[in-house]
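# Chains, contacts and geometry: an overview
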Amino acid sequence: MNQPVPAPPAHRVDVHSYAQPHLVSTRHIEMDLTVDFDRKVLHGWAELSVLRRDAAAPLVADTRDLTIDRVETAAGPKGKLKVANYTLGKADPILGAPLTVPLGEGVDRVRVHYSTSPAASALQWLEPSQTAGKKRPYLFTQSQAIHARSWIPLQDSPAVRTTFRARIRTPKDLIALMASRHDFRLANPKEEPNGEYTFRMPHRIPSYLIALAVGDLGYRQLGHRTGVWAEPSEVEAAAREFEDTERMIQAAEKLYGPYAWLKYELLVLPPSFPFGGMENPLLTFATPTIIAGDKSLVSLVAHELAHSWSGNLVTNATWRDFWLNEGFTVYVERRIQEQVYGEARAKMEAVLGRQELEAEIAKLPAADQLLYIDLKGRDPDDGVTAIAYEKGALFLLTLEEAFGRERFDQFLLAYFSTFAFQGITTQDFLAFLQQNLLKKDPAAAAKVPVEEWLHQPGIPASAPKPVSDEFTRVDEAVHAWPAVPPATITKTWTTHHWLHFLRAFPADLGAAKMAGLDRAFSFTKSKNSEIAGQWLLMAARNRYEPAAARLEAFLIGVGRRKFVRPIYEELVRTPAGRVRAETIFAKARPGYHPITVATVTQILK
Ligand code: BES
Ligand code: ZN
């Protein structure tokens with residue numbers, strides 16, 4: 001009666017989840033959660049509706065630091081919930097603990113009553129002092145890569161896709177927002193009278209894209225399907241910075257087919273947000289550090305928007321395939337930027353990306369330089385390096401140049417539509433590549449060492465090298481230094497030029513030359529987060545004391561891992577620097593997200 005279900009092929013097995021979705025897999029999740037700021041917990045229940053492929057198999061869900069109160073099961077949509085047995089396994093430091101629920105005949109709903117831990121890795125509970133408004137607390141989630149399990153018991157694998165519906169109960173003066181469709185009136189969300197919000201995600205999405213934020217929020221519509229959320233005092237600046245969002249969507253649609261989602265909104269978070277951006281569907285989460293006042297850092301919006309195709313439509317089936325998400329997204333991001341802001345800017349961004357890739361390769365062990373990286377026994381966050389992003393994008397650029405834009409664009413369009421709303425592995429991609437591109441033009445295919453791209457460290461010698469004419473002129477200014485370039489030239493420089501300018505100086509340039517640069521351009525006072533981040537990294541490296549106070553303030557005020565990590569790494573290289581790093585971390589730590597705390601703790605170890 002019970003046909004044994006064959007085990008999936010090795011490349012499809014997700015080593016970062018206990019779930020066995022080939023036996024039992026979740027199709028839909030209902031949630032009812034109360035947000036308790038006093039205790040810093042979420043409590044309530046989550047109910048998984050499952051599809052059973054093996055009649056004897058239990059449901060196995062992932063959890064981390066959850067307190068399970070009880071489990072109920074039911075058969076059919078109208079079936080009565082009955083208390084059920086379950087076991088919570090031993091907790092693994094990376095994976096958390098498996099929750100196993102035996103399923104009786106016909107049972108297809110499993111409701112878990114639980115509460116989260118104040119230390120839940122996905123949640124950051126902010127004090128009012130950490131917000132722009134300073135009056136209300138704030139909560140946000142970050143589920144990627146495997147943190148969703150710390151706030152919802154679920155099958156936390158990107159190969160499992162579900163719809164969901166959620167009721168979120170908040171204190172009355174706060175607004176809850178999920179990356180989904182919401183039922184309150186957009187114009188005046190504060191009308192919601194009793195702090196109860198209902199959300200519905202109509203698209204099937206992987207668990208790492210489930211997201212919630214609670215705080216004092218305002219909204220501004222941008223276009224017919226675009227808008228921005230932020231704390232009320234930040235909304236206007238955000239709306240101005242992101243005014244090109246609709247043009248970005250159109251640029252992507254022109255290449256890769258219609259935007260498949262209901263709308264595209266952004267939520268600007270407080271500065272402790274550990275990432276630049278997070279592509280939560282319908283509602284990208286973004287760091288406020290990209291609001292530069294001149295749109296110079298909006299490639300991040302292009303990036304998160306690009307995930308609406310690469311990642312959210314076509315998803316890595318396991319974290320080993322992460323480069324399919326990020327490498328494709330960086331490639332698409334640059335194609336969007338080129339259309340909206342022109343070729344010169346896209347080229348500069350490509351060159352800056354290549355610099356980041358080379359710097360990363362200089363630091364990483366060979367095994368971590370592979371696109372198809374082995375992450376077994378490791379935290380999938382270890383795979384979040386420039387390899388997945390920039391080496392991945394460079395691989396696609398190589399294919400584009402070998403086969404020509406027109407054919408490569410057609411190939412990607414077909415790729416996105418073929419695999420839409422599916423999780424795929426690197427092998428799946430390779431098979432599709434072989435069929436739809438390589439086989440069709442063996443002469444072009446011979447120019448691309450596909451195996452080397454995926455399985456060898458470093459960058460293949462035949463990789464294209466992006467060049468920027470803008471940067472050639474910046475290089476001239478660097479060569480002429482200490483002659484200060486005329487203001488008539490530097491006044492046309494954007495964030496990109498300045499970043500290239502700073503990076504072009506030797507790493508050990510010394511405090512005296514740093515002082516000269518600072519006198520000419522006041523880098524220590526820069527309000528641009530990217531320029532400040534680059535400059536303060538150089539200040540740490542060259543022990544440039546006049547920037548010490550700014551460095552400390554920056555590390556305390558900003559939790560974005562991309563900025564924080566390299567500066568701490570640089571500081572710990574000397575005994576005196578280590579002492580400083582420890583002193584700063586002691587002050588900054590209460591304001592950091594658990595993910596950033598973990599990163600810095602690792603560096604200081
Ligand atoms: N999805 C990522 C962020 C992420 C990756 C979070 C892995 C957790 C685990 C997001 O799309 C991203 O790539 N953000 C970048 C910005 C981008 C412009 C390179 C970031 O946060 O710096
Ligand atoms: Zn990304």
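This text goes with the structure placed above it.
Bear in mind that the values here come from a model prediction, so they are computed numbers and not experimental data.

### Notes on the coordination of the zinc ion (ligand 2)
Every protein donor of the zinc ion (ligand 2) is listed here as His 303 (NE2), His 307 (NE2), Glu 326 (OE) and Glu 326 (OE), and their distances to the metal cover 2.0 to 2.7 Å. Classification of the site at the zinc ion (ligand 2) as irregular follows from its six donor atoms and the range of 54 to 159° in their angles at the metal. Sequence positions of the donors to the zinc ion (ligand 2) reduce to the motif H-x3-H-x18-E. With His 307 in the loop between α3 (299–306) and β21 (314–316) and Glu 326 in helix α4 (residues 322–341), this pair connects stretches of sequence that are 19 residues apart. Residue classification places His 307 among the buried residues on the basis of a relative accessible area of 0%. When its relative accessible area of 2% is taken as the criterion, Glu 326 is described as buried.

### Let's talk about the packing of helix α7 (residues 405–418) against helix α8 (residues 426–436)
In the contact formed by α7 and α8, the axes pass within 11 Å of each other and the chain directions differ by 135°. The angle between the axes of α7 and α8 places the two elements in the oblique class. Between α7 and α8 the crossing geometry is right-handed. Residues Phe 411, Ala 414, Tyr 415 and Thr 418 of α7 lie in contact with α8, whose contacting residues are Phe 429, Phe 432, Leu 433 and Asn 436. The residue makeup of the contact of α7 with α8, split by class, is six nonpolar, two polar and no charged.

### Digging into the site of ligand 1
Residues in close proximity to ligand 1 total 16 residues, the closest being Gln 144, Gly 276, Glu 279, Glu 304 and Tyr 389. Protein burial of ligand 1: of its 520 Å² of free accessible surface, 88% is covered by the chains. The dominant element in the shell around ligand 1, judged by the number of residues it contributes, is α3, at three residues. Taken together, the residues that form the shell around ligand 1 break down as six nonpolar, six polar and four charged.

### Side note on the pattern of salt bridges
Applying the stated criterion across every chain, the model contains 40 salt bridges. Here Glu 338 and Arg 405 are joined by a salt bridge, their closest N and O atoms 2.9 Å apart. Taken together, the residues Glu 338 in helix α4 and Arg 405 in helix α7 connect sequence positions 67 residues apart. Within the structure, one salt-bridge network assembled from shared partners comprises Arg 335, Glu 338, Glu 400, Arg 405 and Asp 409.

### Structural notes on unusual backbone geometry
Residues other than glycine predominantly adopt negative phi, and peptide bonds predominantly adopt the trans conformation. Cis geometry is adopted by the peptide bond preceding Ala 145, which originates at Gln 144 and carries an omega value of 0°. Each neighbour pair has its own omega, and for Trp 481 with Pro 482 the value is 15°, a cis peptide bond. Structurally, the position occupied by Pro 482 is in the loop between α11 (469–480) and α12 (487–490). In this model, Lys 40 sits at a positive phi of 55°, which is unusual for a non-glycine residue. Relative to the helices and strands, Lys 40 is located in the loop between β1 (24–36) and β2 (41–52). Even without being glycine, Phe 421 reaches a positive phi, approximately 60°. Topologically, Phe 421 is positioned in the loop between α7 and β22 (422–424).

### Digging into the sheet that holds strand β19 (residues 277–278)
Pairing is mixed across the open sheet formed by five strands, whose spatial order is β16-β17-β18-β20-β19. Pairing within the sheet leaves two strands with one partner each, and these edge strands are β16 (218–221) and β19. Of the strand pairs in this sheet, strand β17 (residues 226–230) and strand β18 (residues 264–268) are connected by four bridges, and their pairing is parallel. Bridge pairing in β18 links Thr 226 to Tyr 264. Of the strands in this sheet, β18, β19 and β20 (283–286) touch α3, which is tilted by about 130° from β18.

### Structural notes on the sheet that holds strand β12 (residues 175–178)
If you walk across this open sheet you meet the four strands as β9-β10-β15-β12, and the pairing is antiparallel. Of all the strands in the sheet, just β9 (123–126) and β12 have a single pairing partner and so form its edges. Sheet twist, expressed as the average angle between the axes of neighbouring strands with direction ignored, equals 10°. The sheet contact formed by β9 and strand β10 (residues 138–141) spans four bridges and is antiparallel. Counted as the bridge partner of Gln 124 is Phe 140 from β10.

Each value, and the rule that gives it
Residues numbered from 1 in each chain as written. Chains lettered and ligands numbered in written order. Predicted model: local features only at pLDDT ≥ 70, side-chain atom pairs only at ≥ 80, totals over all residues. Heavy atoms only, no water. Donors = N, O, S within 2.8 Å, 3.2 Å for Na, K, Ca; no water. Tetrahedral: all angles 85-135°; square planar, octahedral: opposite > 155°, others 65-115°. Helix = DSSP H or I, 4+ residues; strand = E, 2+ residues; numbered from the N terminus. Buried < 20%, exposed > 50% of the residue type's maximum accessible area, 1.4 Å probe, protein only. Axes fitted to C-alpha atoms, helices over the stretch in contact; angles between N-to-C directions. Parallel < 35°, antiparallel > 145°, perpendicular 65-115°, else oblique. Left-handed = near helix turned anticlockwise from the far one by under 90°. Contact = heavy atoms within 4.5 Å. Nonpolar A, V, L, I, M, F, W, Y, C, P; charged D, E, K, R; others polar. Near = heavy atom within 4 Å. Areas by Shrake-Rupley, 256 points an atom, 1.4 Å probe, with all protein chains shown as cover. Salt bridge = Lys/Arg side-chain N within 4 Å of Asp/Glu carboxyl O. Pairing = 2+ DSSP bridges.

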